6 protein chains.
Amino acid sequence: MAFFDLPLDTLRTYRPDVSTPADFAAFWEDTLEEARAFPLDARFEEVDYGLRGLKTYDVTFRGYGGQAIKGWLLQPRNAAGASPCVVEFIGYGGGRGLPTDWLTYASAGYAHLVMDTRGQGSVWRRGDTPDLAPDGDNPQHPGFMTRGIRRPQTYYYRRVFTDGVRAVEAARSAPGVDPSRVAVAGGSQGGGITLAVAGLVQDVSALLPDVPFLCQFRRASEITNAAPYSELTGYLRIHREAVEDVFSTLAYFDGLNFAPRVQAPALFSVGLMDEVCPPSTVFAAYNRLPGEKDIRVYAYSGHEAGEGVHVPERLRFLSRLPGWSP
Amino acid sequence: MAFFDLPLDTLRTYRPDVSTPADFAAFWEDTLEEARAFPLDARFEEVDYGLRGLKTYDVTFRGYGGQAIKGWLLQPRNAAGASPCVVEFIGYGGGRGLPTDWLTYASAGYAHLVMDTRGQGSVWRRGDTPDLAPDGDNPQHPGFMTRGIRRPQTYYYRRVFTDGVRAVEAARSAPGVDPSRVAVAGGSQGGGITLAVAGLVQDVSALLPDVPFLCQFRRASEITNAAPYSELTGYLRIHREAVEDVFSTLAYFDGLNFAPRVQAPALFSVGLMDEVCPPSTVFAAYNRLPGEKDIRVYAYSGHEAGEGVHVPERLRFLSRLPGWSP
Amino acid sequence: MAFFDLPLDTLRTYRPDVSTPADFAAFWEDTLEEARAFPLDARFEEVDYGLRGLKTYDVTFRGYGGQAIKGWLLQPRNAAGASPCVVEFIGYGGGRGLPTDWLTYASAGYAHLVMDTRGQGSVWRRGDTPDLAPDGDNPQHPGFMTRGIRRPQTYYYRRVFTDGVRAVEAARSAPGVDPSRVAVAGGSQGGGITLAVAGLVQDVSALLPDVPFLCQFRRASEITNAAPYSELTGYLRIHREAVEDVFSTLAYFDGLNFAPRVQAPALFSVGLMDEVCPPSTVFAAYNRLPGEKDIRVYAYSGHEAGEGVHVPERLRFLSRLPGWSP
Amino acid sequence: MAFFDLPLDTLRTYRPDVSTPADFAAFWEDTLEEARAFPLDARFEEVDYGLRGLKTYDVTFRGYGGQAIKGWLLQPRNAAGASPCVVEFIGYGGGRGLPTDWLTYASAGYAHLVMDTRGQGSVWRRGDTPDLAPDGDNPQHPGFMTRGIRRPQTYYYRRVFTDGVRAVEAARSAPGVDPSRVAVAGGSQGGGITLAVAGLVQDVSALLPDVPFLCQFRRASEITNAAPYSELTGYLRIHREAVEDVFSTLAYFDGLNFAPRVQAPALFSVGLMDEVCPPSTVFAAYNRLPGEKDIRVYAYSGHEAGEGVHVPERLRFLSRLPGWSP
Amino acid sequence: MAFFDLPLDTLRTYRPDVSTPADFAAFWEDTLEEARAFPLDARFEEVDYGLRGLKTYDVTFRGYGGQAIKGWLLQPRNAAGASPCVVEFIGYGGGRGLPTDWLTYASAGYAHLVMDTRGQGSVWRRGDTPDLAPDGDNPQHPGFMTRGIRRPQTYYYRRVFTDGVRAVEAARSAPGVDPSRVAVAGGSQGGGITLAVAGLVQDVSALLPDVPFLCQFRRASEITNAAPYSELTGYLRIHREAVEDVFSTLAYFDGLNFAPRVQAPALFSVGLMDEVCPPSTVFAAYNRLPGEKDIRVYAYSGHEAGEGVHVPERLRFLSRLPGWSP
Amino acid sequence: MAFFDLPLDTLRTYRPDVSTPADFAAFWEDTLEEARAFPLDARFEEVDYGLRGLKTYDVTFRGYGGQAIKGWLLQPRNAAGASPCVVEFIGYGGGRGLPTDWLTYASAGYAHLVMDTRGQGSVWRRGDTPDLAPDGDNPQHPGFMTRGIRRPQTYYYRRVFTDGVRAVEAARSAPGVDPSRVAVAGGSQGGGITLAVAGLVQDVSALLPDVPFLCQFRRASEITNAAPYSELTGYLRIHREAVEDVFSTLAYFDGLNFAPRVQAPALFSVGLMDEVCPPSTVFAAYNRLPGEKDIRVYAYSGHEAGEGVHVPERLRFLSRLPGWSP
């Protein structure tokens, strides 16, 4: 995979023009208020998957529209007192799978809540949460990117980001979790959700978005053929008249518009050969973060970026947060 | 494309075992009864797309769950009296597009109602009808094949086939259409819908399914890698525990179970190199039709089968139906 | 499909250097004179393909070298008086197929003559006209792009463009056609022929080239790998010594050299993600048209550009031509 | 490449039914008689490409229709007396290239005449001989397989096989060649021509067809997707009505019909993973040879079969022919 | 991915002929004796990768030829007494990566030793162990499958399997490990090594090979094109004379020859659409195990088989071994 | 294949910054001195492959580490006196094959020594020389590019280039060869070795590198996805920490660092669409040659560049060297 995007020097200072809807903040305040009209109703049922060193819970809480969202909570079995907690969002197409898929943060001594992504989880890891669209829909390109995309009110990620905010609330209410120490994390789509949630829940302890998706949609649709941004291209190839509508909707969901609202310290990662989430779209978001931040650049990597090598980077970053070391 | 399925001689007499749910008839009676509880509310609004030789209508009627389903109606401008009408269903991924896409039957002197396929129409021709799932859903593989597939009540094609039945009713109520002379037609997914509707509305004048999809799902999932049957394989690869559930659901939607209920004369077509709808799955349905029938075999064709060459075949077949010639 | 060519702003004013052979006009005058030495001998035999609303003719006329060229003529059955006529040329690899393939213009109230492309019609829609090369040939890359390419006199498109001019003459002599109202149209290769014919027959009523092929050959060979321009690359990869000969020949057939000669009003279309006929090569021709012109830009489209959505655009454009509305 | 055809044991005795036209012999007698009505007019012009150890000639002779066919003749510079000569035919798509491409047989002490394949030589090695079709043609799939395929009289390989027979006659008239010791050889298409020529010129010294093409066309079209047999499939996919015509024509050109006429000793080779010329089609021809014969089986090879490793096998086979050792 | 191998019913009882070298046992006794002439020299250096719940060691021991082999050892931080231990071998192309990659067994309460695979770990997860070939080598196809393949003494897997046996010995000597309770496990290549080691170290507690590679090489080379068996095909395509030598060598390394020697209870898994390690080759090994055994069949899975879903299956299986439950 | 690299005008003067290790010369002096501590021990055993016009020898000499390196020597059978000799190096993945593969230079009247490339020859033409790594190794990406790449002392091409120098020495000691007239040649990897050897053995008569590989590694790894440079990318994607080490090693083997040391006249060739050895990397080396030089530019060619057409170019170039014409 050769370099295809801007050179690293340019990326470091890349600051494209961004269009932020005037009612961006109001849109999200209304959305969250509406969701919070439903009780959170977070439930944690202990389950046994053979992980004797950990405590494992099947999680259910109410997300967008009061719908039931699934997840897992893992934590060290013998934690002394309430633990910091990482809330993790999942990459595109995958679901929560099984508790045995999520051992990193609990092995590092933290609680770990994984949120299922509504509707997803039939492409690479099983999900258990359907996506219902009570506010309407439109014909869609296969996948989730264009569900309800003709209006911000009906767009799929309105529901997902709201679920993400509620997942943080669920984590804060979970047994053994210190509600003042909750970080958000995730890769690709999970990174995009991370960025949005950190913009909406500004008192999280930290955010760790890896190769975040859902950033600078228009440029992405113009420079890469790779899925899932290709769903946008595929939709607009057919719905030729919808180009401006679509990008107007997406402005409410673009990581570039959440980035300036983030207040927590951030650790990003990026792959310079990443055709799925091109590095310019990642830096475009990263460069707009006003606060403390760092980014690991993996030069010869595609969308996998640092993969396993980045895990100790994340653990090191977390251990330096106040109250997160032993 | 080499031959990959059974030889033609075997196909001619291929009759695999079929499992028909005991409550198959009841399931569909209940489903249609429930849909008919909503008024059909068929509306025909004349529109001008520059087709001066034809009359062109934008169609809306109420399908499954009383939801608004779109379509087009075209008919010869100067028809003397009520015309026979062909109701057409569309292949997977496409939508109703524009009236200019549908000139064949009206040029042949018939009325022609094209039904939009709910949710589809963002892959190759634009659709205008969203799919709502009021009875629930499950996580799904991208596409439409696995929407609600865990229960017959929630399965996507329950809604689509119901829309198809209602489309016939809408055609029968349309201006200038002779309600006693309505045939159903379509290719691929449109052929699968055609077969289902002809099994449910037994007094249609004829059915013309080309390379029908949605037949003998299990065999299809085992012998072809091609989309869209691959959506089943993709779903079951992740939802490993769901194999029997899924095929239990699909039995309510399998063309092999609609075929014995068909009473109208039929013209099929099939491509012997068709990896999308393998010829054995087409013959498995065709061979179960109890009545008058014929099939055109295109030996060196894939899923396109006869394409343009098959159009005059269809017109000739229609012109021989009672009351369908000039 | 990402953007790979110049940005739209640049395309709007893109005017590359063009090399026009000094004897370009003479070459074509001689060619046409030579062809007209044969009688046109246009014949129109009525045929029945079940299209009761139309009149359908099997067409034969004499093109280059006096060879028999096939086509179809369709027209509204009940036209009052002579109709305007659209002469249509076909995309690369396809043939005239059947009358049922050509319903648009007749349904809009016009006569419609479709010309078979000599030698083609064995890749996607059947053709019925062989290509003979009475003036000699050279070894060729599979396809038609390099037939006789070593000299302008023997080049394949010399014969095809001549056939196109003769097709206009045939249309003007057809029953029910008003010879003063004949437009030319076609997509891709059909668009390239359209442009050439409109440059050679300057009194056509209009031209409607979609995504025209056969424009700015050298740039095309340098920026795209897609067929059919790839035939040039493939030929030159083997005939390494022939580069200048080949492009000298092609200068006689380049849409950029026909464009300044066009006098009729034009409607173009282009897809900004079109790798088959890159948008710069289309704009390079379009920008050289001296007269009235318009172009529809389909941003997220490849070579399909506007496909069905562009049909009403064409009908609207035609209906505004003098004498073309009802 | 996995095994996809019959197992070796079955191949050894594979004898499919063959349909031989009643007038097969007459067709070829007439064809050759007609070609011989033109003078052979073989010319050998010495050229210098830097091969100081050899004598190199540019060859021209009259083939089918009296057209000029090009070739090269190489021979040892210091041969004592007239040499045996190998006449070689070339694989599909390639041309005669340069004398430096043809050093094997001359380095082994034989004369070597290479025949250009009319029309070919723009895909992988340059050809210099155009193909003219004086008896008519039909629309064709890109490539050479379907040129004139609707009638035996116009089929492309009628011209090529005739050229091949004339090439043997040219070799027999060449300076320094012993006309009683001429063998024919070639791989793939060259192997198919070899087989045909050895059936038509029964007094050649030997034939060495490697992985011969042009054998058992119908089975090939049914079991492989690979080019160039795929040209047949592509043509028949469009010209659906032409299936029987096409295979009737091909019967006059099938290696299985030339095989029983061969009288010279033969050395074949075959690759068991060859999808281009499937091993069953090779054995089907080989098993019909009535005389002395041998075949080298390369089990893990595709169409390359023995490639360089088979060269010494060929030289050893030739050296054992009467009068071919030093 | 369609089914391409034998049907499940046949697989259950599939018992192909196997050729076992007469000196198979002697070959491996000599090999291990030679390796044990070097001191094991197992070292366990505690390292900190942020996994506060576990103890983590960097492992080095001497494998084949006394060469240093790397690995990781993880175990629960607060284990009471010596733990059972799983020794894991890695799939083709990957290396030991980081301790954070290996959390499953330690989270389940067991010690876990992961062995680096010599030479590998530059395709998907980093390895740290070079492969030296002190006994000679041969030219090789890229990859590891054909290293030294011309003689059993020099074959790559002789070194790897010996390393595997030594890894079990290292685990038995590790701090906190109960040497009487050591199981072996791994997927794909790791499954092949597992089978070999369980045949050579008959007193392991259990073996858990998933989709094992290195079984029934000859059939694999004939029915699949997928890597890494394709390396054999690629090698034999060039080294045409080596077919029998190669399969003679491979008989010393075939899981089918280790299977009858296994005495421990086994849990296998297999994917019926697995083209990498075709199901017949897996069942061919499984069906030869004389003792207690079970196999999980994943019907719609390829080489991933049960992936995360199979993890709890493995933990459940282990927890039922004597002394392995809490 | 479109143009993807710099335009030809820029290439002609392209002179990127180059980093040459301070001890570059010393490194190679030490390396060669160490190799020459072993006796050359060149042996030439006459063999018979049926090439009666030539003398053919199986060659063995001692290369790096005193290991036996194989080759072939061919020469005109009846040469009068000692001949000039071309030493040829082979492209990536291929081996020496058979003498029948190497007829060009002997047919032109020269001696010709072909050197087997250690370890290679199992991908496209058989090799007979293993590669042993007595100085150590590292885990490697499949192929040869990353063998021992972590230190210059252990890198694979240290051994290969040393073999190349020794091959020149072997040629100079061969029967019938004039040691003062020895040129070096080769394509792709063979071109890279040619350049290195001509930099290390400055008194060769000439060098003829075609499309040389092993030039400007870092740029190559950034602009092409094609093998074999992709092995570097693949390695660095996994060994993320090794980027600077790897390029530090490669600086000792980069054609750009050998180029300034070359004193003999040179004939290069390059393909402007070559994605394997991008034209900028070839010109970067070519432009640094201080002496007499020429380059053939093949514009529409990929990595094949001039292939057969370039052979007479090479022979003409050689024939103009002092003492190389007859």
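Along each chain, the written sequence defines residue order, and numbers are assigned to residues from 1. Chain letters start at A and ligand numbers start at 1, both assigned in the order the entries are written. Residue-level local features of this predicted model are given only where pLDDT is at least 70; pairs of side-chain atoms are given and counted only at 80 or more, and the full residue set underlies all totals for whole chains, interfaces and linings. Excluded from the side-chain calculation are hydrogens and water; included are all heavy atoms of the structure.

Per an unreviewed UniProt entry, chain A is named Cephalosporin-C deacetylase, and its organism is Deinococcus hopiensis KR-140.

Attention now goes to the overall build of chain A. Helix and strand labels come from DSSP, where a helix needs a run of H or I of at least four residues and a strand needs a run of E of at least two; each type is numbered from the N terminus. When its secondary structure is counted, chain A shows 11 helices and nine strands. Dimensions of chain A, computed from C-alpha atoms along their principal axes, come out at roughly 55 × 45 × 35 Å. Think of it in three bands: residues with accessible area under 20% of the maximum for their type are buried, residues over 50% are exposed, and the middle band is partly exposed, with areas taken using a 1.4 Å probe on protein chains only. With 326 residues in all, chain A has 67% of them scored as buried. At a minimum sequence separation of 6, the contacts of chain A that also span at least 24 residues come to 74%. Throughout, the Shrake-Rupley method with a 1.4 Å probe supplies accessible areas, and for residues the shown protein chains are the sole cover considered. If you sum the accessible surface of chain A, you get close to 10100 Å²; carbon and sulfur atoms cover 49% of it. By definition, residues are in contact when any of their heavy atoms lie within 4.5 Å.

This part takes up the interface of chain A and chain B. Interface size is commonly expressed as the accessible surface area that is lost when the partners come together. With 30 residues of chain A at the interface, the matching set in chain B holds 30 residues. Of the roughly 2000 Å² buried between chain A and chain B on both sides combined, carbon and sulfur atoms contribute 61%. Considering only the surface of chain A that becomes buried against chain B, Ser122, Pro139 and Ile238 of chain A emerge as the three largest contributors, covering 28% of it. The salt bridge criterion pairs a side-chain nitrogen of Lys or Arg with a carboxyl oxygen of Asp or Glu, the two atoms within 4 Å. Linking chain A with chain B are two salt bridges. In the analysis that follows, any N or O atom pair within 3.5 Å is treated as a polar contact, provided that within protein one partner can donate a hydrogen and the other can accept it, and provided that, for residues neighboring in sequence, both atoms belong to side chains. For the pair chain A and chain B, the interface holds 15 residue pairs in polar contact (both at pLDDT 80 or more). Considering only residue class, the side of chain A that touches chain B consists of 10 nonpolar, 13 polar and seven charged. Summed over both partners, the accessible area lost on bringing two parts together, with a 1.4 Å probe, is the buried area. Each residue gets one of three labels, nonpolar for Ala, Val, Leu, Ile, Met, Phe, Trp, Tyr, Cys and Pro, charged for Asp, Glu, Lys and Arg, and polar for the others, Gly among them.

A separate point is the arrangement of the chains. Note that chain A does not reach chain D: the shortest distance linking a C-alpha of one to a C-alpha of the other is 26 Å. Chain C makes no contact with chain E; the smallest distance between any of their C-alpha atoms is 26 Å.

Attention now goes to helix H4 (residues 156–172) of chain A. Helical periodicity: at 3.6 residues per turn, an α-helix aligns residues three or four positions apart in one direction. The terminal C-alpha atoms of H4 of chain A lie 25 Å apart, and with 17 residues this matches the ideal 24 Å at 1.5 Å per residue to within 8%. Within H4 of chain A, 15 of the 17 residues are buried, which leaves the element mostly enclosed by the surrounding structure. Expected span of a helix: the number of residues minus one, times 1.5 Å.

Residue and element names in this part refer to chain A. Overall, mixed pairing links the nine strands, which are arranged S1-S2-S3-S5-S4-S6-S7-S8-S9 in an open sheet. If you trace the sheet from one side to the other, it starts and ends with strand S1 (43–46) and strand S9 (293–298), each paired once. The mean inter-strand angle of the sheet, taken between neighbouring strand axes irrespective of direction, is 20°. Comment: axis = line fitted to C-alpha atoms, over the contacting stretch for helices; angle = value between 0 and 180 degrees taken between N-to-C directions. Of the strands in this sheet, S1, strand S2 (54–62), strand S3 (68–76), strand S4 (83–89), strand S5 (111–115) and strand S6 (177–187) are in contact with H4, which crosses S5 at around 155°. Packing against the sheet, helix H5 (residues 189–200) makes contact with S4, S6, strand S7 (207–210) and strand S8 (266–271), and its axis sits at approximately 140° to S6. By definition, two strands form a pair when at least two bridges between them are found by DSSP.

In this section: empty space enclosed by the protein. To find leftover empty space, a probe the size of one water molecule is rolled over the atoms. Only protein atoms enter the 1 Å grid, on which a cavity is a set of points fitting a 1.4 Å probe that cannot get out and a pocket is an open set with protein on both sides within 12 Å along at least 5 of 7 lines, lining residues being those with an atom within 4 Å of a point. Grid points are joined across faces, edges and corners, and a volume is the space filled by probe spheres set on the points. If you walk through the whole model with that rule in mind, you get one cavity of 30 Å³ or more. Lining the largest cavity are Gln140, His141, Pro142, Gly143 and Arg147 of chain E together with Gln140, Pro142, Gly143, Phe144 and Arg147 of chain F. Counted by class, the lining of the largest cavity contains three nonpolar, five polar and two charged residues.

Turning our eyes to something else, we now look at the packing of aromatic side chains. All names here are of chain E. The aromatic pairing rule takes the rings of Phe, Tyr and Trp, using the six-membered ring of Trp, and pairs them if the centres are within 6.5 Å, calling planes under 30 degrees apart stacked, those over 60 edge-to-face and the rest tilted. Within this structure, the stated rule accounts for 144 aromatic pairs over all chains. Pairing Tyr155 with Phe253 gives two aromatic rings, centres 4.9 Å apart and planes at 65°, and the pair type is edge-to-face. On the criterion of sequence distance, the pair formed by Tyr155 in the loop between strand S5 (111–115) and helix H4 (156–172) and Phe253 in the loop between helix H8 (243–250) and helix H9 (255–258) is long-range, its members being 98 residues apart. This pair shows no difference in class: Tyr155 is buried, exactly as Phe253 is.

We superpose the copies by least squares over the C-alpha atoms of residues that have a pLDDT of at least 70 in both of them. By a simple turn and slide, chain A fits onto chain B: the slide is 0.0 Å along the axis, the RMSD is 0.0 Å, and the turn is 180°. What the rotation and shift describe, once combined, is the action of a two-fold rotation axis. Ranked by how close their C-alpha atoms come to the rotation axis, the residues of chain A are headed by Pro142 of chain A, at 2.4 Å. Both copies share a contact surface, since 100% of the interface residues of chain A are interface residues in chain B too.

Residue and element names in this part refer to chain A. Interhelical geometry of H4 versus H5 gives an angle of 65° and a closest axis separation of 9 Å. By the criterion of interaxial angle, the relationship of H4 to H5 is roughly perpendicular. When you trace H4 past H5, the crossing you get is right-handed. Where H4 approaches H5, its residues Tyr157, Val160, Phe161, Gly164, Val165 and Val168 are matched on the opposing element by Gln189, Gly192, Ile193, Ala196, Val197 and Leu200. Any angle that falls under 35 degrees is termed roughly parallel, while one over 145 is termed roughly antiparallel, one within 65 to 115 roughly perpendicular, and all others oblique. Put simply, a crossing is left-handed when the front helix is turned counterclockwise from the back one by less than a right angle, and right-handed when it is turned clockwise.

What the rule picks out here adds up to 157 salt bridges over all chains. With a closest N to O distance of 2.8 Å, Asp131 of chain D and Arg159 of chain D form a salt bridge. Of the two residues, Asp131 of chain D sits in the loop between strand S5 (111–115) and helix H4 (156–172) while Arg159 of chain D sits in helix H4, which places them 28 residues apart along the sequence. Through salt bridges with shared partners, a single network forms among Asp58, Lys70, Arg96, Arg126 and Asp128 of chain A together with Arg150, Glu241 and Asp245 of chain B.

Moving on, we come to the interface of chain D and chain C. Facing the 30 residues of chain D at the interface are 30 residues of chain C. A combined buried area of about 2000 Å² lies between chain D and chain C, and 61% of that area is made up of carbon and sulfur atoms. A per-residue breakdown of the area chain D buries against chain C is headed by Ser122, Pro139 and Ile238 of chain D, which together make up 28% of the total. Our count for the contact surface shared by chain D and chain C stands at two salt bridges. Salt-bridge contacts for Arg126 of chain C lead to Glu241 of chain D; the nearest nitrogen and oxygen are separated by 3.4 Å. Counting every contact that joins chain D to chain C gives 15 residue pairs in polar contact (both at pLDDT 80 or more). By residue class, the composition of the side of chain D that touches chain C is 10 nonpolar, 13 polar and seven charged.

Right, let's get into the relation of the copies chain D and chain C. It takes a turn of 180° to lay chain D on chain C, together with a shift of 0.0 Å along the axis; the resulting RMSD is 0.0 Å. A share of 100% of the interface residues of chain D reappears at the interface of chain C, consistent with the copies meeting face to face through the same patch.

Here we come to the UniProt feature "active site" (unreviewed entry) in chain A. Residues and elements named next belong to chain A. UniProt positions are given in the numbering used here, feature names are shortened, and annotations may be inferred rather than shown by experiment. Using the residue numbers shown here, the UniProt feature "active site" (unreviewed entry) corresponds to Ser188, Asp274 and His303. The named residues occupy 116 residues along the chain; their greatest pairwise C-alpha distance, 10.8 Å, places them in one compact cluster. Looking at the secondary structure, you find Asp274 in the loop between S8 and helix H10 (279–286). By relative accessible area, Asp274 is classed as buried at 0%. The contacts of Asp274, once residues within four sequence positions are left out, are Phe4, Val211, Pro279, Ser301, Gly302 and His303. Within the local environment of Asp274, its side chain forms a polar contact with the backbone nitrogen of Cys277, the two atoms lying 3.0 Å apart. Under the relative-accessibility criterion, His303 is labelled partly exposed at 24%. Apart from residues no more than four positions distant in its own chain, His303 is found in contact with Ser188, Val211, Asp274, Val276 and Cys277.

Moving on to the side chain of Arg147 of chain A. In this fold, Arg147 of chain A is placed in the loop between S5 and H4. On the accessibility criterion, Arg147 of chain A (3% relative accessible area) is buried. In this structure the side chain of Arg147 of chain A is engaged in a polar contact, spanning 2.7 Å, whose partner is the side chain of Asp131 of chain A. Aside from chain neighbours lying at most four places away, what touches Arg147 of chain A is Asp131, Asp137, Asn138, Gln140, Thr154, Tyr155, Tyr156 and Arg159 of chain A together with Gln140 and Arg147 of chain B.

Pairs of cysteine sulfur atoms within 2.5 Å are identified as disulfides in what follows. For the structure shown, the criterion picks out zero disulfides over all chains. Free of any disulfide, Cys215 of chain F has its nearest neighbouring cysteine sulfur in Cys277 of chain F, separated by 7.8 Å.

Residue and element names in this part refer to chain D. Across its 13 residues, helix H2 (residues 24–36) extends 18 Å between first and last C-alpha, which sits within 8% of the 18 Å expected from 1.5 Å per residue. The set of residues buried in H2 consists of Phe24, Phe27, Trp28, Thr31, Leu32 and Ala35. Down the axis of H2, the smallest arc covering the buried residues is 120°, so these residues share one side. The exposed residues of H2 that point more than 90 degrees off its buried face are Glu29 and Glu33. Elements in contact with the buried residues of H2: H4, helix H5 (189–200), helix H8 (243–251) and helix H9 (255–258). Regarding the arc, it is the one traced by the directions from the helix axis to the C-beta atoms.

Let us look at the environment of Val59 of chain A. All names here are of chain A. Take Val59: it is sitting in strand S2. Expressed as a C-alpha distance, the spacing of Val59 and Ala167, which sit 108 residues apart in the sequence, is 9.9 Å. Each residue touching Val59, except ones within four places of it in the same chain, is listed here: Arg43, Phe44, Ile69, Lys70, Gly71, Trp72, Leu73, Arg96 and Leu113.

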